[in-house]
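# Observations on the three-dimensional arrangement
The chain contents come next:
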Amino acid sequence: MVNAAVQEQNKGVFAPYEQVNALFRGSTAAVELVIPKSVGEGTAIERLYAATGAIRHADGRLLDDNGNPSPYAREVFLFDIAGGLRQVAYPVEDGQPRPERGIVYVPVKTNLGDKPEQGIFDFIDGFENSGNNRAVFILLDYDSIACGSYTENYDGKVAVRQIKNAANTLRRTQKRIVFVNTHPFAGFADTVPKVEVKLPTFGEFRSSLNWILSDMQNSFNRSGLTLEIQLNEEELNTLCREAQGLALEQFSRVLYVDITNRKIVDQQTIKEIHDAKVAELKSSGIVVLNVPEVALQGLDKFQEWVEVKKKTFNASVFGENMNRKLKPKPMRGVLLTGISGCVYRDWE
């Protein structure tokens, strides 16, 4: 889990998950949560559980984060094709739930039939646990399932119809569904509202960096060590700009490991963040090229022309109104820079 203090520094990162919970408290029965690939399904599930679920006490009660019985407390389940149906929970130690240790997945014994991606909706429809039907079901991969990528086209159409039926019929119950996808599914547009998780902004990275450096300095001081920060403010900003495209968890993890091992924040730290982003891009199937450092190309002839003409066209010949007399026209053209369009969507 992300350190609680880091969460406090970056409340905006958790806003989409709270938005999902707010929709559930109304009459919305199904929501599509669209996440960037770098955020990761595990992180999204953990945040959804914190926002929409409940701590199950040893005596079976469902409690909120403050340990009080909550009218909004819900059990949370996760379903995907490979893992089947599992209950999401905090680990229990000495009879008490331990949220600080992250979440665990407990397999649920049930028969979802030969086509579990369809059978899960029958399970949801009939779900009730000791008279309580308050539950959130997190379903993965349905952008692909409903498009027929996992099944035949006919089954994909069946999945779309089941999704629409569930979104309508579950409104009269306390059961809710979250579809977690990495790309919006057009088939949800008229039935299932979309909540989009954005990647962290520069400001959020900088806020997280400030807290991490302070936390590491305090930790080093308690151990009698010194954390050396060789980067100035602009270089620290460069570090944060280099991180854009990563999730905060990845950013924090790389920094903590690097600082713990080397006990210094320097140019190598920036490189570590850069390498982490390159690795993330490659894992997404994006080809990353090392662009050589070269001067701006295509203007060499113009530069030669300027060197020749500046000896003639100067203020000593034409006086102070040289520009008005010559009426020079500014250069016009298009400068193409940045990420090529073919990979922009995946980068975003």
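It should be noted that the structure appears before, not after, this text.
Residues numbered from 1 in each chain as written. Predicted model: local features only at pLDDT ≥ 70, side-chain atom pairs only at ≥ 80, totals over all residues. Heavy atoms only, no water.

### Things to note about the overall build of the protein chain
Keep this limit in mind: Going along the chain from the N terminus, every DSSP run of H or I of four or more residues is numbered as a helix, and every run of E of two or more is numbered as a strand. Remark: exposure states derive from per-residue accessible area (1.4 Å probe, protein chains only) relative to the maximum for the residue type, with buried under 20%, exposed over 50%, and partly exposed in between. Here, residues are in contact when the closest pair of their heavy atoms is within 4.5 Å. All accessible-area figures derive from a Shrake-Rupley calculation using a 1.4 Å probe, and residue coverage is judged against the displayed protein chains alone.
In terms of regular secondary structure, the protein chain is built from 14 helices and 13 strands. Looking at the protein chain as a whole, 41% of its 348 residues are labelled buried. Long-range contacts, defined here as pairs at least 24 residues apart, represent 69% of the contacts in the protein chain between residues at least 6 apart. Taken as a whole, the protein chain presents about 20,100 Å² of accessible surface, with 50% of it coming from carbon and sulfur.

### A few points about the packing of aromatic side chains
Here is the rule we go by: Aromatic rings from Phe, Tyr and Trp, taking only the six-membered ring of Trp, are treated as a pair when their centres fall within 6.5 Å; an angle between ring planes under 30 degrees marks them as stacked, one over 60 as edge-to-face, and anything in between as tilted. Should the NZ of a Lys or the CZ of an Arg lie within 6 Å of a ring centre and within 35 degrees of the ring normal, that charge is described as sitting over the ring.
Using the criterion set out here, one finds nine aromatic pairs in the structure. Pairing Phe121 with Tyr142 gives two aromatic rings, centres 5.8 Å apart and planes at 85°, and the pair type is edge-to-face. Within this pair, whereas Phe121 is found in helix 4 (residues 116–126), its partner Tyr142 is found in helix 5 (residues 142–145), the two being separated by 21 residues in sequence. Each member of the pair, Phe121 as well as Tyr142, carries the same accessibility label: buried. Residues Phe127 and Phe137 carry aromatic rings whose centres are separated by 5.6 Å and whose planes lie at 85° to one another, so their mutual orientation is edge-to-face. Linking Phe127 in the loop between helix 4 and strand 9 (135–140) with Phe137 in strand 9, this pair joins segments that are 10 residues apart in sequence. Taken together, the aromatic side chains of Phe77, Phe123, Phe127 and Phe137 make up a single cluster linked through ring pairs. Taking the ring centre of Tyr105 as reference, the NZ or CZ of Arg86 above it sits at 5.4 Å.

### Points about the pattern of salt bridges
For clarity, the threshold we go by: Each reported salt bridge corresponds to a side-chain nitrogen of Lys or Arg within 4 Å of a carboxyl oxygen of Asp or Glu.
Summed over the entire model, instances satisfying the criterion amount to nine salt bridges. Arg206 is paired through a salt bridge with Glu233; the nearest N and O atoms lie 3.0 Å apart. Of this pair, Arg206 sits in helix 7 (residues 202–222) while Glu233 is found in helix 8 (residues 233–243), placing the two residues 27 residues apart along the sequence. Overall, the relative accessible area of 12% leaves Arg206 in the buried class. Arg262 is the partner of Asp258 in a salt bridge, and the nearest nitrogen-oxygen pair spans 2.8 Å. Taken together, the positions of Asp258 and Arg262, both in helix 9 (residues 248–262) and four residues apart, correspond to about one turn of that helix. A relative accessible area of 30% places Arg262 in the partly exposed class. Three or more residues are tied together by salt bridges with common partners; here these are Asp258, Arg262 and Asp266.

### Examining unusual backbone geometry
A positive phi angle, close to 75°, is found at Asp141, a residue other than glycine. If you trace the backbone, Asp141 turns up in the loop between strand 9 and helix 5. Positive phi outside glycine occurs at Lys263, with the angle close to 60°. If you trace the backbone, Lys263 turns up in the loop between helix 9 and strand 13 (264–265).

### Some details on helix 7
Going by this rule: A helix is expected to span 1.5 Å for every residue after the first.
Here helix 7 contains 21 residues, and its C-alpha end-to-end distance of 30 Å stays within 8% of the 30 Å for a straight helix at 1.5 Å per residue. Those residues of helix 7 that fall on the buried side of the exposure criterion are Glu204, Phe205, Arg206, Ser207, Ser208, Leu209, Trp211, Ile212, Leu213, Met216 and Phe220. One or two steps after helix 7, the chain reaches Gly224, where phi turns positive at roughly 75°.

### What to know about the sheet that holds strand 10 (residues 175–181)
As a reminder, the rule being used: The pairing criterion is simple: DSSP has to find at least two bridges between the two strands. For helices, the fitted axis covers only the stretch in contact; all axes are lines through C-alpha atoms, and the angles between them, taken along N-to-C directions, range from 0 to 180 degrees.
Strands sit in the order 8-5-4-9-10-1-11 across an open sheet of seven strands; the sheet is mixed. Looking at which strands have only one partner, the edges of the open sheet turn out to be strand 8 (104–107) and strand 11 (194–196). Averaged over all adjacent pairs, the angle separating strand axes in this sheet is 30°, with direction ignored. Looking at chain direction, strand 5 (residues 84–89) and strand 8 are connected through four bridges and run antiparallel. Bridged to Val88 within strand 8 is Tyr105. The sheet strands contacting helix 4 are strand 4 (75–80), strand 5, strand 9 and strand 10, and the helix crosses strand 10 at an angle near 155°.

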